[in-house]
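Structure assessment
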Amino acid sequence: MITGITGFVGGKLAARLTGVGHELHGASRNPNRIAPPEDVVMHRVDALTGVGLDRALDGVELAYYLIHSMEASSGAADGGFAERDRRAAERFATAAAAAGVPRIVYLGGLVPPRRKASAHLRSRRHVERVLIDAVPGSVVLRASIVVGDGSPSFRFLVRLVERLPVLALPIWRDYRTQPIDERDMLEYLVAAGLRDVGGRTLDIAGPETLSYGEMITRLADLMLVRRPALRVGFSQTPSTSAVAARIAGAELALVRPLMESLDGDLLADDAAARDLLGVRLHGYDAAVEHALRDWELREPLRAR
């Protein structure tokens, strides 16, 4: 079963797994948002309230947990994205354990080893613990930026490059990370579900370590646009995230937590994942070109 099947990762994973010999089920609060791949059985499930979970999980041998509550809050009682993530994970984990699901695969975020993580990354870490405590055979994959046409963080960067005549790069431009091609991320998810790796937490990453500034300037070059870069000596996340969200046409509820995570290097120790799961990796430029091609199949890029 693939939760969050109407989202970016869930939809891509369903397409990847269709026709390879598994009985696929999809779970979503709004299953009618998409036309699911052929032979996928859809379930209406609300992990926040628990509605539909027991029925959807009955007989499931592998569950992909791809629920992230980054949308805007619905009110003071809502508790924000971290509280929504906690409630959803706890209800899902309890229902999966009761149904006898032997493995959950969760795609979370890299965690900085020597500094305090942002609220966004702390929430991902808490979800990891909840799922593994309930179903010990589960697998956690931790990734940084996923380069794909539907990846919210990648789309945010593309919109900034497309719409800003000058790229103002705050101090986080020099921090480094390891972006991963969506195709490689999907292969890791498939392997984590089918290989004998239960009970592990694994970092996954692309083959290149890049600063955020390098990622953005190379993205502009691959989009075939000239964008002078201006190095600025401050960050001021609350104000800059609001401006960036407005320029990119993205929700502040998504942009601000992501930008709050840009307070140092976010690097993976992916040797174990590469050894155990054997995924061949695409470089950053190939990942961007693939993502832009997929993007342009659905909508034009004005700056391309």
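A brief structural summary. Just so it is clear, the model here is predicted, and its values are computed rather than measured.

Here we take up the packing of helix α3 (residues 80-99) against helix α4 (residues 119-134). Look at α3 against α4: their axes get within 9 Å of each other, and the N-to-C directions meet at 10°. Between α3 and α4, the crossing angle belongs to the class labelled roughly parallel. The interaxial crossing formed by α3 with α4 has right-handed handedness. Taking contact as the criterion, the partners of F81, A82, D85, R86, A89, E90, F92, A93 and A97 in α3 are, on α4, A119, H120, S123, R124, H126, V127, V130, L131 and A134. Split into classes, the residues belonging to the contact of α3 with α4 amount to eleven nonpolar, three polar and four charged.

Turning next to helix α1 (residues 8-17). For α1, the set of buried residues is F8, V9, G10, L13, A14 and L17. On its buried side, α1 packs onto β1 (2-3), β2 (24-28), β4 (63-65), β5 (104-109), β7 (146-147) and α6 (182-194). One or two residues past the end of α1 sits G19, with phi positive at roughly 85°.

This next bit is on the pattern of salt bridges. For the structure shown, the criterion picks out 21 salt bridges. Between D285 and R218 there is a salt bridge; the shortest N-O distance is 2.9 Å. Here D285 is found in helix α11 (residues 284-298), whereas its partner R218 is found in helix α7 (residues 212-222), with 67 residues between them in sequence. On the basis of relative accessibility, which here comes to 32%, the residue D285 falls in the partly exposed class. Judged by relative accessible area, which is 25%, R218 ranks as partly exposed. Residues participating in the shared-partner salt-bridge network are K12, D149, E182, D294 and R298.

Burial of β2 is extensive: five of the five residues sit out of reach of the surface. In this structure, β1 lies alongside β2, joined through two bridges in parallel fashion. Its bridge partner lying in β2, I2 is registered against G26. Taken together, β1, α1 and β2 form a β-α-β motif whose crossover is right-handed. Sheet topology note: the β2/strand β3 (residues 40-44) ladder contains five bridges and is parallel.

In this section: the packing of α7 against α11. It is at 10 Å that the axes of α7 and α11 come closest, and there the two elements cross at 50°. As the angle between them shows, α7 and α11 are arranged oblique. Crossing angle aside, the handedness with which α7 passes α11 is right-handed. Residues M215, R218, L219 and L222 of α7 form the contact with α11, whose own contacting residues are Y284, D285, V288, E289 and L292.

Take the side chain of E182 next. On the secondary structure map, E182 appears in helix α6. In contact with E182, other than residues within four places in its own chain, are F8, K12, V146, V147, G148, D149, H290 and D294.

Basis of the calculations
- Residues numbered from 1 in each chain as written.
- Predicted model: local features only at pLDDT ≥ 70, side-chain atom pairs only at ≥ 80, totals over all residues.
- Heavy atoms only, no water.
- Axes fitted to C-alpha atoms, helices over the stretch in contact; angles between N-to-C directions.
- Helix = DSSP H or I, 4+ residues; strand = E, 2+ residues; numbered from the N terminus.
- Parallel < 35°, antiparallel > 145°, perpendicular 65-115°, else oblique.
- Left-handed = near helix turned anticlockwise from the far one by under 90°.
- Contact = heavy atoms within 4.5 Å.
- Nonpolar A, V, L, I, M, F, W, Y, C, P; charged D, E, K, R; others polar.
- Buried < 20%, exposed > 50% of the residue type's maximum accessible area, 1.4 Å probe, protein only.
- Salt bridge = Lys/Arg side-chain N within 4 Å of Asp/Glu carboxyl O.
- Pairing = 2+ DSSP bridges.
- Right-handed = clockwise from strand over helix to strand, strands pointing away.

Honestly, it's all geometry; don't read function into it.
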